[in-house]
Each structure stands twice: as C-alpha cells, then as structure tokens.
Amino acid sequence: MNFGKIEHIGIAVKNLEEAKERYTQLLGVSPYKQEEVEREGVITLFYLVGETKIELLAATRLDSAIAKFIEKKGEGIHHIAYQVENIREMIQTLKLQGFEFIYDEPKEGADNKWITFIHPKSCNGVLTELCQEKTS
Ligand code: CMX
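Residue indices begin from 1 for each chain and proceed along its sequence in written order. The model is predicted, so local features are restricted to residues of pLDDT at least 70 and side-chain atom pairs to those at 80 or more, both for listing and for counting; the totals for chains, interfaces and linings are taken over all residues. To get the side-chain values, take all heavy atoms of the structure and skip hydrogens and water.

Looking only at helices and strands, the protein chain has three helices and eight strands in total. When the helices and strands of the protein chain are read in sequence order from the N terminus, they spell out β-α-β-β-β-α-β-α-β-β-β. Only the C-alpha atoms count toward the radius of gyration. The rule for a globule is 2.2 Å times the residue count to the power 0.38. Taking 136 residues into account, the globule formula puts the C-alpha radius of gyration at 14 Å, and the protein chain, at 15 Å, falls close to it. The principal-axis extent of the C-alpha atoms belonging to the protein chain is close to 45 × 30 × 25 Å. We count a stretch as a helix when DSSP gives it H or I for four or more residues in a row; a strand needs E for two or more, and each element gets its number in order from the N terminus.

Spelled out as structure tokens, the structure:
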C-alpha cells in the first residue's frame, strides 16, 4: 500500500489577505475554498494547481501551530500532505516502521479530509501529513 499523489503543500503565512493577492497573481487562478479549522487555530485558503493543491495557512490564535512555526522559522513551507486510501491502515504500517505520529487517531481536517501528521523529526525535518478523502 503506497501513497497516492501529493495532495497538497501547506504554506504558513502571516497575513492571509496579502498572501491571497500574491498567490492569486502567481498561480493565475483564484482560491476555490476558504475554511477555518477552529480546533487547529488556522484559517486556510486552497488553490488547485494541476492535480495538487496549495494550502495557505494563517493562524487565528497565538497558540496555533502556525503562529509558533512563523515565530520560530518565519513564513514558508509548513507541511507536505500525501493522499492515502486507508489512513488507519497506513498509520499502523508506518508506526511499525518507527514513524512517530502526532496523533494516532485521524481527525477531521480542512477540505473534507481525515488527517494525521508524522512528526518532522521522523521525516528529516519535514512535517508530513497523511490525508484521506471523506466519503460521507
Ligand atoms: N516543519 C518542520 N519542523 C517543524 C515544524 C514544521 N512545520 N513545526 C515545528 N518544527 C520543529 C520545531 O522547530 C522543533 O525543532 P527543534 O527541535 O530543532 O527546535 C521541532 O520541530 C520539534 O518541535 P516540538 O517542540 O516537538 O513541537 P512544536 O511545539 O514546535 O510543534 C509540531 C511541532 C509539528 C508537533 C506541531 O506543530 C503539530 O502538532 N503540528 C500538527 C498540526 C498542525 O500543524 N496543524 C496546522 C495545520 C492544520 C491544517 O493543515 O489544516
């Protein structure tokens, strides 16, 4: 069981409106969705680029992962998300191989997905998301 495509790349930004203008110019398309994920303390904007999405992420709270990331590292690529068909099976498989998950039980993420994350220290400094499309 392998990963499917790279589903999206998450980019941490300070100011969502300014980043929206910039990325709309850069990509030549408007975002297809804006969504707040209250639990994560983020507001997101999604662009479709070919088969992959670009997710702009801005913090809505000081304790949000995005606020902490920007404070420490500045704006930039925050995570890479891979599409999987069966997220629970993939978590079990990768845990047996020693990958450290941030949460073992998938949570509801933005854009109609079940998500979880592998800690960056398990993936050479890259925060890695697994996501499965919700069917209902
Ligand atoms: N990419 C690479 N490295 C990162 C990182 C990121 N996105 N975020 C933190 N790190 C680094 C930290 O700088 C730290 O580095 P050093 O050890 O060199 O200092 C290291 O990872 C470990 O940090 P930590 O103290 O264990 O944890 P943090 O409090 O920095 O939190 C993390 C890091 C990944 C555990 C936390 O951000 C997390 O749980 N993320 C998952 C949820 C999330 O990111 N939600 C927002 C997106 C939601 C969405 O896409 O909808």
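Strand pairing follows a simple DSSP-based rule, namely that at least 2 bridges must link the two strands. A sheet is described by the order of its strands in space; here eight strands give the open sequence S2-S3-S4-S1-S5-S8-S7-S6, paired in mixed fashion. If you trace the sheet from one side to the other, it starts and ends with strand S2 (33–37) and strand S6 (107–109), each paired once. The average angle at which neighbouring strand axes cross in this sheet is 35°, direction not considered. Pairing geometry for strand S3 (residues 42–49) and strand S4 (residues 52–59), over eight bridges, is antiparallel. Residue pairing across strands places Phe46 opposite Glu55, the latter belonging to S4. Those strands touched by helix H1 (residues 16–27) are strand S1 (6–12), S2, S3 and S4, and its axis lies near 5° from that of S3. Note on geometry: axes are lines fitted to C-alpha atoms, helical ones only across the stretch in contact, with angles between N-to-C directions running from 0 to 180 degrees. Contacts are assigned to residue pairs with any non-hydrogen atoms lying within 4.5 Å of each other.

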